[in-house]
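Observations on chain architecture
Each chain, letter by letter, is given below.
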Amino acid sequence: MNTTVQVFPVLGLPVHLSDNYPGYLLSRLNQGLGSHVVTLNAEMCMQAEKTSRLANIINSADLVIPDGAGIVFYLRLKGKKIKRFPGIELAESLLSQITTFYPSPSVFFFGGAPGVGIAASETWHHKIPEVAIVCQHGYLSGDEETQLKETLKQLQPQLIFVGLGVPRQEFWIAENKHLCPHSIWVGVGGSFDIWAGTKERAPAWFCDNNLEWLYRLYQEPWRWRRMLALPQFAWKAIWHRA
């Protein structure tokens, strides 16, 4: 597979356009190329406008995928027909396909509450026994985080999923991706909770109609302040000329 993809700007941030993101990443991995993946949505775009550190990380990422409905909306306004590809689906596709390239792959889950990553890994072990998954929850002391970094350096897993929430997970990956320079690093948000069964993903109808954000708001009403970024993004998308 060609290891280049088209890039299109969304409010000044890059989005890579592809019909096979997992294949692109696994092809890079097979060539010994590491990848930092950002799963971009409207809320993250608005955060990046206010936080130059986050904007710089997004601009330097190896792959930025259209995770949110707002990103797809913007791209369609600009004549780019592309489907939304949520980060959780990217992570699931990578886990399902990794054994094509590596018979006994190594995967690392970092983040979530204590016990969540273990439950998530057990779910995947039942599906794909060949995949060895090491887990570490996201509530660490300084010494524990130092040990985590040493573990990553020794393991050199093919896939590293970080579920610390935006933008903390993006910051953490950017600071530590040098530890495993040939790995695929993905910020996966709350994916561990869904795999562990502690939370439910939106029903298919919501996902298929780009309304997963609405179902998430129903599940977590405290997120309403963060959701105010959505109309702000929509307004900018309509009037943005670049």
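Below you will find a few notes about this structure.

1. Points about the side chain of Gln-158
Checked against the element boundaries, Gln-158 lands in the loop between helix 7 (142-155) and strand 7 (159-163). At 2.7 Å, the side chain of Gln-158 and the backbone nitrogen of Ser-106 are in polar contact. In contact with Gln-158, not counting residues within four places along its chain, are Leu-29, Ile-98, Tyr-102, Pro-105, Ser-106, Ser-183 and Ile-184.

2. Remarks on helix 13 (residues 229-239)
Of all the positions in helix 13, only Ala-229, Phe-233 and Ala-237 are classed as buried. Around the axis of helix 13, the buried residues are gathered within 70 degrees of arc, so they sit on the same side. Structural note: helix 13 exposes Pro-231 and Trp-235 on the side pointing more than 90 degrees away from its buried face.

3. Observations concerning the pattern of salt bridges
Scanning the model with the defined rule gives five salt bridges in all. Put simply, Glu-49 and Lys-236 hold a salt bridge, and the shortest N to O gap is 3.5 Å. Here Glu-49, found in helix 2 (residues 42-50), pairs with Lys-236, found in helix 13; they are 187 residues apart in sequence, far enough to count as distant. Taking relative accessible area as the criterion, Glu-49 reaches 47% and is therefore assigned partly exposed. Accessibility expressed as a relative area gives 33% for Lys-236, which makes it partly exposed. For Glu-175, the salt bridge is made with Arg-53, and the minimal N-O distance between the two is 2.3 Å.

4. Let's talk about the side chain of His-36
Topologically, His-36 is positioned in strand 3 (residues 35-40). Looking at His-36, the relative accessible area reads 1%, which means it is buried. Discounting chain neighbours no more than four positions away, the residues touching His-36 are Ile-57, Ala-61, Asp-62, Leu-63, Glu-170, Ile-173, Ala-174, Lys-177 and Trp-185.

5. Things to note about the packing of helix 3 (residues 52-60) against helix 8 (residues 168-176)
Axes are the key here: two packed helices are described by the angle between their axes and the distance separating the axes. Two numbers describe how helix 3 lies on helix 8: the axes approach to 10 Å, and their chain directions differ by 60 degrees. In terms of their interaxial angle, helix 3 and helix 8 are classed as oblique. The way helix 3 lies across helix 8 gives a crossing that is left-handed. On helix 8, the residues touching Arg-53, Leu-54 and Ile-57 of helix 3 are Glu-170, Phe-171, Ala-174 and Glu-175. Split by residue class, the contact of helix 3 with helix 8 holds four nonpolar, no polar and three charged.

6. Re the sheet that holds strand 5 (residues 106-111)
Overall, parallel pairing links the six strands, which are arranged 4-3-8-7-5-6 in an open sheet. The open sheet terminates on both sides in strands that have one partner only, identified here as strand 4 (63-66) and strand 6 (132-136). The average undirected angle you get between the axes of adjacent strands in this sheet is 20 degrees. One ladder, built from five bridges, connects strand 5 with strand 7; its direction is parallel. Looking at the pairing, Gly-111 lines up with Gly-163 of strand 7. This element, helix 8, spans strand 3, strand 5, strand 7 and strand 8 (184-187) of the sheet and lies at about 160 degrees to strand 8.

7. Considering the nonpolar core
Burial of nonpolar side chains together is a common tendency in soluble globular proteins. Counting 57 residues, the largest nonpolar core has Phe-109, Phe-161, Trp-195 and Phe-233 as the members making the most contacts within it. With sequence-adjacent residues up to four places away left out, Phe-161 is seen in contact with Ala-91, Leu-94, Leu-95, Phe-108, Phe-109, Phe-110, Val-186, Val-188, Phe-192 and Trp-195.

8. Here we look at the pairing of strand 8
Working note: regular strand, side chains alternate between the two faces of the sheet. Of the two faces of strand 8, the one carrying Ile-184 and Val-186 and the one carrying Trp-185 and Gly-187 are both buried. Alignment of strand 3 against strand 8, held across three bridges, turns out to be parallel. Across the sheet, residue Ser-35 finds its bridge partner in strand 8, namely Ile-184. Regarding the hand of the β-α-β motif, the stretch spanning strand 7, helix 8 and strand 8 is right-handed.

9. Brief notes about the packing of aromatic side chains
Summed over the entire model, instances satisfying the criterion amount to 10 aromatic pairs. Ring geometry for Tyr-74 versus Phe-233: centroids 6.4 Å apart, planes at 55 degrees, classification tilted. A residue pair is termed long-range when its members are at least 10 positions apart, and Tyr-74 in helix 4 (residues 69-77) and Phe-233 in helix 13 qualify at 159 residues. For the pair formed by Tyr-74 and Phe-233, the shared burial category is buried. With a centroid separation of 4.9 Å and 25 degrees between ring planes, the pair formed by Phe-109 and Phe-192 is classed as stacked. Of this pair, Phe-109 sits in strand 5 while Phe-192 sits in helix 9 (residues 191-196), placing them 83 residues apart in sequence. Phe-192 sits in the buried class, given a relative accessible area of 1%. Ring-pair connections join several aromatic residues into one group, and the members of that group are Phe-109, Trp-124, Phe-161, Phe-192 and Trp-195. If you follow Lys-127 out to its NZ or CZ, it ends over the ring of Trp-124, 4.6 Å from the centre.

Rules behind the numbers
Residues numbered from 1 in each chain as written. Predicted model: local features only at pLDDT ≥ 70, side-chain atom pairs only at ≥ 80, totals over all residues. Heavy atoms only, no water. Helix = DSSP H or I, 4+ residues; strand = E, 2+ residues; numbered from the N terminus. Polar contact = N/O pair within 3.5 Å; in protein donor to acceptor, adjacent residues only side chain to side chain. Contact = heavy atoms within 4.5 Å. Buried < 20%, exposed > 50% of the residue type's maximum accessible area, 1.4 Å probe, protein only. Arc of directions from axis to C-beta. Salt bridge = Lys/Arg side-chain N within 4 Å of Asp/Glu carboxyl O. Axes fitted to C-alpha atoms, helices over the stretch in contact; angles between N-to-C directions. Parallel < 35°, antiparallel > 145°, perpendicular 65-115°, else oblique. Left-handed = near helix turned anticlockwise from the far one by under 90°. Nonpolar A, V, L, I, M, F, W, Y, C, P; charged D, E, K, R; others polar. Pairing = 2+ DSSP bridges. Core = buried A, V, L, I, M, F, W, Y, C linked by side-chain atoms within 4.5 Å. Right-handed = clockwise from strand over helix to strand, strands pointing away. Phe/Tyr/Trp six-rings, centres within 6.5 Å; stacked < 30°, edge-to-face > 60°. Lys NZ or Arg CZ within 6 Å of the ring centre and 35° of its normal.

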